Amino acid sequence: MRKGELAGLKWEDVDFAGSTLTVARTLLKPGKEPIFGPPKNGKARTLKIAPETMKLLKKHRHEQNERKMKNRAAYRDHGLVFAKQWEDVQRSADCLGDPLQINNIGQRQFAKLIEKAGVKRIKFHGMRHTFATLALSNGTPPQVVQRILGHKRIEITLGIYGH
């Protein structure tokens, strides 16, 4: 998923029973009244999610619900999967539950994960490139990779990742 798609992901898009999530929107403008738009190619897509990831999402939802209950008056609930926590509230206009800044997903949050994992530093968007390249080199049909990435045309997928 793209950073904006992650920032726009809502709990209503997650199907725990079916182990899928639907990429239905992207965050265009964060804040008190966030503005969402369609994904980059204009079409929603549904992705199959690994059981381990679903387990982590359930745990995350539980922790987020606890945060909401403890901070009822201070939590602005937009139904987002990835919403501001206390450490993300930097300005007076920020509020718990607001959408994450897209730059924070790509820099602060991701940098912490890279450091903790002890792996080579890459840009956040590099994960899409790595996934697509590995999937194609392992024999995943290009149309499947195209659908997962949300590319409108197969030429985009093959032109960027077909190497």
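Relevant structure appears above.
Being a predicted model, the structure only gives us computed values, none of them experimental. (Residues numbered from 1 in each chain as written. Predicted model: local features only at pLDDT ≥ 70, side-chain atom pairs only at ≥ 80, totals over all residues. Heavy atoms only, no water.)

### Regarding the overall build of the protein chain
A tally of helices and strands in the protein chain yields six helices and five strands. A compact globule built from 163 residues would reach a C-alpha radius of gyration of about 15 Å, and the protein chain, at 17 Å, matches this within 12%. Taking the principal axes of the C-alpha coordinates as reference, the protein chain spans close to 50 × 35 × 30 Å. When burial is assessed residue by residue, the protein chain has 39% of its 163 residues classed as buried. Intrachain contacts of the protein chain at a sequence separation of at least 6 include 43% that bridge at least 24 residues. (Helix = DSSP H or I, 4+ residues; strand = E, 2+ residues; numbered from the N terminus. Rg over C-alpha atoms; globule rule 2.2 N^0.38 Å. Buried < 20%, exposed > 50% of the residue type's maximum accessible area, 1.4 Å probe, protein only. Contact = heavy atoms within 4.5 Å.)

### Focus: the packing of aromatic side chains
Applying the stated rule across the entire model yields two aromatic pairs. With a centroid separation of 6.1 Å and an interplanar angle of 20 degrees, the aromatic rings of W11 and F16 are classed as stacked. Under the relative-accessibility criterion, W11 is labelled buried at 7%. Centre to centre, the rings of F110 and F124 are 5.1 Å apart; their planes meet at 80 degrees, and the pair counts as edge-to-face. In this pair, F110 is assigned in helix 3 (residues 102-117) and F124 in the loop between helix 3 and helix 4 (126-137), connecting sequence segments 14 residues apart. One exposure class covers both F110 and F124, and it is buried. (Phe/Tyr/Trp six-rings, centres within 6.5 Å; stacked < 30°, edge-to-face > 60°.)

### A short note on unusual backbone geometry
Not every positive phi belongs to a glycine, and S19 is a case in point at roughly 55 degrees. Positionally, S19 belongs in the loop between strand 1 (14-15) and strand 2 (20-23). The buried category is assigned to S19, whose relative accessible area is 18%.

### Quick word on the pairing of strand 2
Bridge count for strand 1 against strand 2 is two bridges, and the pairing is antiparallel. In the sheet register, D15 faces strand 2, and the bridge partner there is T20. Connecting strand 1 to the next strand, strand 2, in antiparallel fashion are four residues, including S19 with a positive phi near 55 degrees. Of the strand pairs in this sheet, strand 2 and strand 5 (residues 45-48) are connected by four bridges, and their pairing is antiparallel. Bridging from a neighbouring strand, T22 pairs with T46 of strand 5. (Pairing = 2+ DSSP bridges.)

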